[in-house]
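Read off the chains here:
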Amino acid sequence: MLNFTIRRLLLAIPTLLFISLVIFLLLEASPGDPLGDVPLTVPPEVRDRMRAALGLGEPWPIRYVLWLKQFFWVEPLYWFDQIFGTAFSADMQRIISFQSRSPVFDVIAQRVPQTLTVVGMSYVVGILIAIPIGILSAYKQYSWFDQIGTFVSMIGFSMPTFFTGVVLIIIFGVNLQWFPSVYDTTLQVRDWDSFMAQVRQMVMPVTVLALYNAAQISRFMRSSMLDNLGQDYVRTARAKGLSERVVVLKHVLRNSLIPVVTVIALGLPTVFGGAIITEQVFKVNGLGQLLITAIHGNDIPMVLTLTFIFAILIVVFTLIADILYGVLDPRIRYD
């Protein structure tokens with residue numbers, strides 16, 4: 001397992017470099033100008049100085065290598081200095097956003113708590129709901145519980161989040177006024193009242209995303225459980241006199257989780273990437289909204305950094321899923 005992990009990590013280096021180059025070239029070829037919003041009254045020589053200050057005067061290979069240096073060397077040194085009080089990154093140029101003129105990682109760090117609070121909680125709730133529903137639906141196939149679970153899952157998976165979000169806002173935010181329809185990102189939890197206010201404003205966006213995640217994962221869980229319930233080892237375990245609880249929860253569930261782990265692991269990067277549509281509907285000031293704003297503003301450093309972070313997360317969690325295969329099923333060995 002250790003050799004497999006090392007091989008995958010070494011393979012991930014050229015893979016991520018290739019991904020970063022492709023993203024950079026796509027953004028380089030995209031139409032638009034970061035200085036397009038500058039008034040026409042600004043003299044050309046001032047525009048040239050502004051362009052040079054943003055690093056737009058250099059050829060793209062130089063800017064790409066500079067961005068790699070800033071991403072993998074300057075930014076880690078800066079955060080190391082912030083933690084341990086050193087000064088290794090002093091006078092080093094960080095990745096600067098074209099829009100806010102602020103360091104990109106500082107802006108991302110401000111948005112991460114909002115995204116993890118809403119999207120992360122919804123993903124956890126979706127998993128906790130989906131796995132029991134998938135197990136019971138498979139064990140009681142074609143029962144009324146299975147029929148209701150299938151119906152709810154189809155609704156949650158087929159309806160887009162912007163539709164369910166608007167429906168919840170109209171019913172519970174406008175008509176009943178139980179929950180706020182706009183997420184207050186400035187709210188700070190300091191006492192019980194502020195904590196309850198945070199919970200109330202999280203209910204609707206978390207419900208929308210949890211329903212969508214649970215619908216997908218529960219279908220995979222049900223299908224995987226059905227495949228394993230008919231296997232020979234299940235009949236053998238029952239013939240040995242094992243209780244039905246032990247057979248289902250210990251033997252069948254463990255083997256059934258192998259494909260489900262892939263779905264969960266590959267879905268985890270979306271937690272850090274944010275829910276672009278849902279964040280727009282409920283006005284959550286998260287990473288998804290930040291990415292949309294950066295794309296509209298042709299903020300190449302912000303878009304490049306965010307998309308590359310998402311690519312790193314996908315590679316990392318794919319590796320974690322592969323390692324978990326060996327943990328869940330001893331028959332799987334990579335060495």
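Residues numbered from 1 in each chain as written. Predicted model: local features only at pLDDT ≥ 70, side-chain atom pairs only at ≥ 80, totals over all residues. Heavy atoms only, no water.

## A word on a nonpolar patch on the surface
Line of reasoning, step 1. Taken together, the side chains of L2, I6, L10, I13, L17 and F72 make up a nonpolar region of the molecular surface, amounting to roughly 590 Å² of accessible area.
Line of reasoning, step 2. Note that I6 resides in helix α1 (residues 2–29). (Patch = residues over 30% accessible without salt bridge, like charges linked within 9 Å, V, L, I, M, F, W, Y side chains within 5 Å. Areas by Shrake-Rupley, 256 points an atom, 1.4 Å probe, with all protein chains shown as cover. Salt bridge = Lys/Arg side-chain N within 4 Å of Asp/Glu carboxyl O. Helix = DSSP H or I, 4+ residues; strand = E, 2+ residues; numbered from the N terminus.)

## Some thoughts on the nonpolar core
Line of reasoning, step 1. Grouped together as the largest cluster of nonpolar side chains are 26 residues, with contacts concentrated most on W67, I108, L290, M302 and L306.
Line of reasoning, step 2. Those elements that place two or more of their residues in this core are α1, α3 (60–84), α4 (104–139), α11 (287–296) and α12 (300–328).
Line of reasoning, step 3. Here this core gets eight residues from one element, more than from any other, and that element is α12.
Line of reasoning, step 4. Setting aside anything within four residues of it in sequence, one finds L290 in contact with V107, I108, R111, M302 and L306. (Core = buried A, V, L, I, M, F, W, Y, C linked by side-chain atoms within 4.5 Å. Buried < 20%, exposed > 50% of the residue type's maximum accessible area, 1.4 Å probe, protein only. Contact = heavy atoms within 4.5 Å.)

## Here's the deal with α1
Helical periodicity: at 3.6 residues per turn, an α-helix aligns residues three or four positions apart in one direction.
Line of reasoning, step 1. Along its 28 residues, α1 runs 41 Å from first to last C-alpha, staying within 8% of the 40 Å computed at 1.5 Å per residue.
Line of reasoning, step 2. Of the positions making up α1, those classed as buried are F4, T5, A12, L16, S20, I23, F24 and L27. (Expected span 1.5 Å × (residues − 1).)

## Quick look at the packing of aromatic side chains
Line of reasoning, step 1. For the structure shown, the criterion picks out 13 aromatic pairs.
Line of reasoning, step 2. Ring centres 5.1 Å apart and planes at 75° place the aromatic pair F71 and F308 in the edge-to-face group. With F71 in helix α3 and F308 in helix α12, this residue pair connects regions lying 237 residues apart in the sequence.
Line of reasoning, step 3. With relative accessibility at 9%, the residue F71 sits in the buried group.
Line of reasoning, step 4. Centroid distance F72 to F308: 5.9 Å. Interplanar angle 85°. Geometry classified as edge-to-face. In this pair, F72 sits in helix α3 while F308 sits in helix α12, placing the two residues 236 residues apart along the sequence. (Phe/Tyr/Trp six-rings, centres within 6.5 Å; stacked < 30°, edge-to-face > 60°.)

## Focus on unusual backbone geometry
Line of reasoning, step 1. Even without being a glycine, Y142 presents a positive backbone phi close to 70°.
Line of reasoning, step 2. A relative accessible area of 63% means that Y142 is categorised as exposed.
Line of reasoning, step 3. Of note in this structure, Q177 is not a glycine but carries a positive phi near 55°.
Line of reasoning, step 4. Examined against the element boundaries, Q177 turns out to sit in the loop between α6 (161–175) and α7 (192–229).
Line of reasoning, step 5. Overall, the relative accessible area of 61% leaves Q177 in the exposed class.

## Quick look at the side chain of T164
Line of reasoning, step 1. Looking at the secondary structure, you find T164 in helix α6.
Line of reasoning, step 2. Classification of T164 as buried rests on a relative accessible area of 15%.
Line of reasoning, step 3. Setting aside residues no more than four positions away along its own chain, T164 makes contact with M159 and V208.

## Some remarks on the environment of V281
Line of reasoning, step 1. Examined against the element boundaries, V281 turns out to sit in helix α10 (residues 276–282).
Line of reasoning, step 2. Along the backbone, V281 and F163 are 118 residues apart, and their C-alpha atoms lie at a distance of 9.3 Å.
Line of reasoning, step 3. Leave out the neighbours within four places in its chain, and V281 touches F162, G165, V166 and I169.

## Things to note about the confidence of the model for the protein chain
Line of reasoning, step 1. The predicted model of the protein chain averages 80 in pLDDT, with 87% of residues at 70 or higher.
Line of reasoning, step 2. Within the protein chain, no element has a lower average pLDDT than helix α2 (residues 44–53), which sits at 65, and none a higher one than α4, at 86. (pLDDT = per-residue confidence, 0-100.)

## Focus: the environment of I300
Line of reasoning, step 1. By the secondary structure assignment, I300 is in helix α12.
Line of reasoning, step 2. When the C-alpha positions of I300 and S30 are compared, they lie 9.7 Å apart, and in sequence the two are 270 residues distant.
Line of reasoning, step 3. Setting aside residues no more than four positions away along its own chain, I300 makes contact with L27 and F98.

## Digging into the side chain of Q114
Line of reasoning, step 1. Topologically, Q114 is positioned in helix α4.
Line of reasoning, step 2. For Q114, the residues in contact, after removing those within four places along its chain, are Y183, T185, V284, N285 and G286.

## Examining the pattern of salt bridges
Line of reasoning, step 1. Using the criterion set out here, one finds four salt bridges in the structure.
Line of reasoning, step 2. Between D106 and R94 there is a salt bridge whose closest N-O contact spans 3.1 Å. Of the two residues, D106 sits in helix α4 while R94 sits in the loop between α3 and α4, which places them 12 residues apart along the sequence.
Line of reasoning, step 3. In this structure, the salt-bridge partner of R222 is D146, at a minimum N-O distance of 2.9 Å. On the criterion of sequence distance, the pair formed by R222 in helix α7 and D146 in helix α5 (residues 144–158) is long-range, its members being 76 residues apart. No difference in accessibility class separates R222 from D146, as the two residues are buried.
Line of reasoning, step 4. One connected set of salt bridges, linked through shared partners, spans E75, R94 and D106.

## Digging into the packing of α6 against α7
Line of reasoning, step 1. Closest axis-to-axis distance for the α6/α7 pair is 10 Å, and the angle between their directions is 140°. Crossing angle aside, the handedness with which α6 passes α7 is right-handed. Counted together, T161, T164, G165, L168, I169, F172 and G173 of α6 and M204, T207, V208 and Y212 of α7 form the full contact between these two elements.
Line of reasoning, step 2. Each residue belonging to the contact of α6 with α7 can be placed in one class, and the counts come to six nonpolar, five polar and no charged. (Axes fitted to C-alpha atoms, helices over the stretch in contact; angles between N-to-C directions. Left-handed = near helix turned anticlockwise from the far one by under 90°. Nonpolar A, V, L, I, M, F, W, Y, C, P; charged D, E, K, R; others polar.)

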